[in-house]
Amino acid sequence: MTTSTRGVAKTPAVLVLEDGRIFRGRAYGAVGETFGEAVFSTGMTGYQETLTDPSYHRQVVVMTAPHVGNTGVNDDDPESRRIWVAGYVVRDPARVPSNWRSRGSLDEELAAQGVVGISGIDTRALTRHLRERGAMRVGIFSGDTVPDDATLLARVQEVPPMKGADLAAEVATTEPYVVPAVGEKKFTVAAVDLGIKGMTAQRMAQRGIEVHVLPANATVDDVYAVEPDGVFFSNGPGDPATADHPVSVMRAVLERGTPLFGICFGNQILGRALGFGTFKLKYGHRGINQPVQDRTTGKVEITAHNHGFAVDAPLDKVTATPFGRVEVSHVCLNDNVVEGLRLLDRPAFSVQYHPEAAAGPHDAAHLFDRFVSLMEGQRA
C-alpha cells in the first residue's frame, strides 16, 4: 500500500472489484492505493471500534450507513493499537465532527495512519452487489498517476484471496502482557490472542479476572505457566482452516478439562478441535444488529458480528466427539448459521459473535458471567 495525504478532499478515486465492477468517487483518508477483501458492515454507529478491530485485517470495509464520521475520533474507543482495515468506503463523510470527546476528524485519522479510502459512491449499490455476488477482492486507487481501468482490474485479480489466509499472528501481540482484575482478584485466565479486542479483556477484568494475554503462537506450556483457572481464545482474522497451532493447543486444554471460552475465531477453533469443518460464508456477518437465538435459554439477542467463516456443525442433534457430547447452542436467525457451541461433558463453550460489544448492543454480555460460573464450578 502506498499513500500520501495532500489534496485529499478534491482528489478523484476509483474502487475496482475483482469481477470488473467499478465505482468512482473522491479520496477519503490517505491518497494512494490499497487492496483487500470487500465486505460490508451494517452498524450505524461504532465506526472507530470497527476500524480498530484486528479481525478486519486485510479487509476493505464498506459502511452501509450513509453518513459516517459525525462524532470524529477520540482516544477512548479504539479496540487496539491501530486501525486494521485495509481500506474504508463511505458515501457521505461528515464535513465537521461534533462530539465533546472528539480530538479530530475521521478522515484526518485515516490519513495519519495511511488508510486509503473512498467517499461519494453509491454504497447501497455496492452492498447489493456484494450480497448478490459475495465478498470479493477489491482495490481502491486515488491520486494523479492512476492507470487505466484494465490495468487496475488486473492488479486486483492478483491479490491473494481471504480463503487460505493465515493472519492471526500478524495482528496478535508478540509479547505476553497482563490486564489486572478490577477490584478483588478472583480468577486467572490465560487469553490466547488471535486478534483480541481491548474491551474483551476489560469485560473479564470487571468480573475480578486477571487476564494474561499470550501471543498466537503460545504453547500449551505457556498457557499453563500462568496457572489459569480458565482459558480464553479470542477473535481474529483469516481462514480458520489454517489455524492448526491454536487448534492443537485447544485440544490440549480440552483434554485437561480446564474451563474454556472462545469468541468468533475462537468459536471456529473450538469447532475444528471437536472435529467439525469450517467454510467461507458468501458475504459474512458484520455489524451490531444481528439476531441470534440462545438455544440454552430460548431468548433472542441482538448481537455484534464480524466474521466471514463459520463452523459446519449439525443444528438438529447432539454430536459425539473425542471430548464428549457437543451441541449447537446459538444460531443466527437470518440464515441458520452456527453461532455457538457447548460441550455437555466438559466446561467449555464458544460463540461466533462479540459479547464484549464495545459499541453495543450488550444483550450477550452475560456470557462472561457464564464463563465465571464455569470457573467457580471447577474450583468447587
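Source: prediction; values computed, not measured. (Residues numbered from 1 in each chain as written. Predicted model: local features only at pLDDT ≥ 70, side-chain atom pairs only at ≥ 80, totals over all residues. Heavy atoms only, no water.)

Caption draft 1: A look at unusual backbone geometry. The backbone of Cys 264 shows a phi angle near 60°, a positive value even though the residue is not glycine. Residue placement: Cys 264 occurs in the loop between strand E15 (260-263) and helix H9 (265-273). What makes Cys 264 buried here is its relative accessible area of 2%. Its identity is not glycine, yet Asn 336 carries a phi of approximately 65°, on the positive side. One can find Asn 336 in the loop between strand E19 (324-332) and strand E20 (338-343). (Helix = DSSP H or I, 4+ residues; strand = E, 2+ residues; numbered from the N terminus. Buried < 20%, exposed > 50% of the residue type's maximum accessible area, 1.4 Å probe, protein only.)

Caption draft 2: Highlighting the UniProt feature "domain: Carbamoyl-phosphate synthase small subunit N-terminal" (unreviewed entry) in the protein. As annotated by UniProt and renumbered to match this structure, "domain: Carbamoyl-phosphate synthase small subunit N-terminal" (unreviewed entry) occupies residues 11-141. The straight-line gap between the two end C-alpha atoms of residues 11-141 is 10 Å; of that span, 18% is helix and 36% is strand. (UniProt positions renumbered as here; feature names shortened; annotations may be inferred.)

Caption draft 3: Structural context of the pairing of strand E13 (residues 209-214). Across the 6 residues of E13, 6 count as buried, placing the element largely inside the fold. In the sheet, strand E11 (residues 177-179) pairs with E13 via 3 bridges, with the strands oriented antiparallel. When the bridges of E13 are listed, Tyr 177 appears paired with Val 213. Relative to E13, strand E12 (residues 187-192) runs parallel, the two sharing 6 bridges. Across the sheet, the residue bridging to Ala 191 is Val 213, located in E13. Read as a crossover between parallel neighbours, the route from E12 over helix H6 (residues 198-205) to E13 is right-handed. (Pairing = 2+ DSSP bridges. Right-handed = clockwise from strand over helix to strand, strands pointing away.)

Caption draft 4: Layout of the pattern of salt bridges. By the definition in use, this model includes 17 salt bridges. One salt bridge connects Asp 19 with Arg 133, and the closest N-O pair in it is separated by 3.1 Å. Taken as a pair, Asp 19 in the loop between strand E2 (12-17) and strand E3 (22-29) and Arg 133 in helix H3 (residues 123-133) lie far apart in primary sequence, 114 residues in all. Take Arg 133: its relative accessible area is 54%, and that puts it in the exposed class. With a shortest N-O distance of 2.5 Å, Asp 149 and Arg 24 are connected by a salt bridge. Here Asp 149, found in helix H4 (residues 149-156), pairs with Arg 24, found in strand E3; they are 125 residues apart in sequence, far enough to count as distant. (Salt bridge = Lys/Arg side-chain N within 4 Å of Asp/Glu carboxyl O.)

Caption draft 5: Just the packing of helix H8 (residues 244-256) against H9, in detail. At a closest axis distance of 9 Å, the pairing of H8 and H9 adopts a crossing angle of 70°. Considering their axes alone, H8 and H9 lie roughly perpendicular with respect to each other. In the packing of H8 onto H9, the handedness of the crossing is right-handed. On H9, the residues touching Asp 244, Pro 246, Val 247, Met 250, Arg 251 and Leu 254 of H8 are Gly 266, Ile 269, Leu 270, Arg 272 and Ala 273. (Axes fitted to C-alpha atoms, helices over the stretch in contact; angles between N-to-C directions. Parallel < 35°, antiparallel > 145°, perpendicular 65-115°, else oblique. Left-handed = near helix turned anticlockwise from the far one by under 90°. Contact = heavy atoms within 4.5 Å.)

Caption draft 6: Main features of the environment of Tyr 353. Here Tyr 353 is to be found in the loop between strand E21 (348-351) and helix H10 (366-379). Residues Tyr 353 and His 307, spaced 46 residues apart in sequence, show a C-alpha to C-alpha distance of 7.9 Å. For Tyr 353, the residues in contact, after removing those within four places along its chain, are Ile 263, Cys 264, Val 292, Glu 301, Thr 303, Ala 304, His 305, His 330, Glu 339, Ala 364 and Leu 367. A polar contact is formed between the side chain of Tyr 353 and the side chain of His 330, at a distance of 3.4 Å. (Polar contact = N/O pair within 3.5 Å; in protein donor to acceptor, adjacent residues only side chain to side chain.)

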